[in-house]
Every structure is written in C-alpha cells, then in structure tokens.
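This is what each chain is made of:
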Amino acid sequence: SGIGRALALQAANEGYAVLLVARRGERLRDVAGEIRMFGGVAESLVADVCARDAAQQIVNAAVRAFGRIDALVNNAGGGAHGELLAQTDAQIEAQWQLHVAAPLRLSRAALPHLERSRGSLVFLGSGVARVPLPAFGAYSVAKAVIRNAAIQLRRELRSRGVAVTYVDPGVVATEFHGSAAIRRPQAVPPASAESVAAAILRGMTRRSATVNAVAWQ
C-alpha cells in the first residue's frame, strides 16, 4: 500500500520486473494485476519480512522469476506510538525487527546478486531519524539506526559496485498514521505517495546517496 504500491507501479512502467512482497495477499494481487494490465511484469509473494526465513525466500523467488536482482527496496514499516520507556520489550523488539534487523537480513541475502548486477540497496527512513519526536518511542530510535546503517553500508559496498540510497519520505498521505493510531500533523500538508515514489525512482536511477523526497519538509 502507499509508497510501496506507487513505487511498484512506477518502476514497472519504467521497465523493471517487480517482485511484490507483503503480508496481505489481496493487496498484492491487486497491484500485480494493475501492472500486468499495462503490459508490465510482476510477481508477488505473501511473506512477513520479519520472519527469519523470509529474506532467503524473497531472494530465491526474485531470482527464480527474473534471473537477477537489480534493486532491493526495504520499504516495509509501521509506527509504534508511545513514550519510549513506557514501551515494553516486545514493542521495542518489534520495531527493531521491522526497521533494522529485517532490512539487514534481506540486504545480506540479496548482496551477491546485487554485486553481479552492480545494483542498488534502498532504505526507507524517516524525518524522526534526525529529529526525534516525543511519543514516537522505539520507531524514532530504529529509524535513526537504519539511517546510520545506510551510511555504513554505502562506505563498505562502494568498492563492490553496490549503490546504497537512504530515503527520507517526509509526511505522506498513506495508511501510516492511521495504522499507528496517531493523527497526521495538521500543519504539514502531506505529499502524495506517487510523488515520493517518483523521487525514490529518480534516486535509484542516479544512484543517489540520499533522497529527501519532500525537500521543503
């Protein structure tokens, strides 16, 4: 949904063959169907990226379907509203797994294929990685970690031909705030998922280090 859906549609329209991964099978079928309607190529896989075996399962599915991997976009995410010390170990661990551990496992599994294609890794961050907001709890912490991880990986993988792009999407009109049971900031007009997806796709094409999808934010 949201940014992931918009990016899949735009990437397919630009000629990428897309493997869609999510927990909601009906959403995957809808997006894959849209892509095929305009002649694009798409496969889908129902999986929870936090599952320990999901990374290899995803990589295997992509290689089996397309023979190669040119880009991996780590986009899955969700907020956890609440004060940091009021959150339980389980809530903190869930944010760590979703925003840090799962993207790193998936990146590790895809790395040999990305080296062969001189491809790119993309990590979706957040403005709260730089400016933590009260009551964003472990979400702010986890996003700060993946922002640093992207910097570290960019330096480590440059000589191996793999580009690493970190994306700050800004405030976007998606399901994010509703799923986290918080109100979207009223003073900040949200960007469309489509405009953010276009910025990400430009960043992938240019092999940009960072993408500030809504620059004025």
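Everything that follows concerns the structure shown earlier in this document.
Figured I'd write up the structure that's included with this text. Note that the structure is predicted; figures quoted are calculated from it, not measured.

Cut-off values and rules
Residues numbered from 1 in each chain as written. Predicted model: local features only at pLDDT ≥ 70, side-chain atom pairs only at ≥ 80, totals over all residues. Heavy atoms only, no water. Helix = DSSP H or I, 4+ residues; strand = E, 2+ residues; numbered from the N terminus. Contact = heavy atoms within 4.5 Å. Patch = residues over 30% accessible without salt bridge, like charges linked within 9 Å, V, L, I, M, F, W, Y side chains within 5 Å. Areas by Shrake-Rupley, 256 points an atom, 1.4 Å probe, with all protein chains shown as cover. Salt bridge = Lys/Arg side-chain N within 4 Å of Asp/Glu carboxyl O. Expected span 1.5 Å × (residues − 1). Buried < 20%, exposed > 50% of the residue type's maximum accessible area, 1.4 Å probe, protein only.

Re the side chain of Ser208
Here Ser208 shows up in the loop between helix H7 (193-206) and strand S6 (210-212). Ignoring anything within four residues of it in the chain, the contact list for Ser208 reads Val164, Thr165 and Gly203.

Comments concerning unusual backbone geometry
Of all residues except glycine, most have a negative phi; of all peptide bonds, most are trans. Even without a glycine there, the phi angle at Arg118 is positive, about 50°. One can find Arg118 in the loop between helix H4 (89-117) and strand S4 (120-124). For Arg207, which is not a glycine, the phi torsion comes out positive at approximately 60°. Assignment of secondary structure puts Arg207 in the loop between H7 and S6.

Things to note about the environment of Ala65
In this fold, Ala65 is placed in helix H3 (residues 54-66). Along the chain, Ala65 and Ala42 lie 23 residues apart, while their C-alpha atoms are 9.2 Å from each other.

A look at a nonpolar patch on the surface
A surface patch of nonpolar side chains, about 380 Å² in accessible area, is lined by Leu84, Leu85, Ile92 and Val141. Inspection of the secondary structure puts Leu84 in the loop between strand S3 (71-74) and H4.

Examining helix H1 (residues 2-13)
When the terminal C-alpha atoms of H1 are compared, their 17 Å separation across 12 residues agrees well with the 16 Å that a helix rising 1.5 Å per residue should span. All buried positions along H1 are accounted for by Ile3, Ala6, Leu7, Ala8, Leu9, Ala11 and Ala12. Tucked inside the fold, the buried residues of H1 contact strand S1 (17-22), helix H2 (25-37), S3 and H7.

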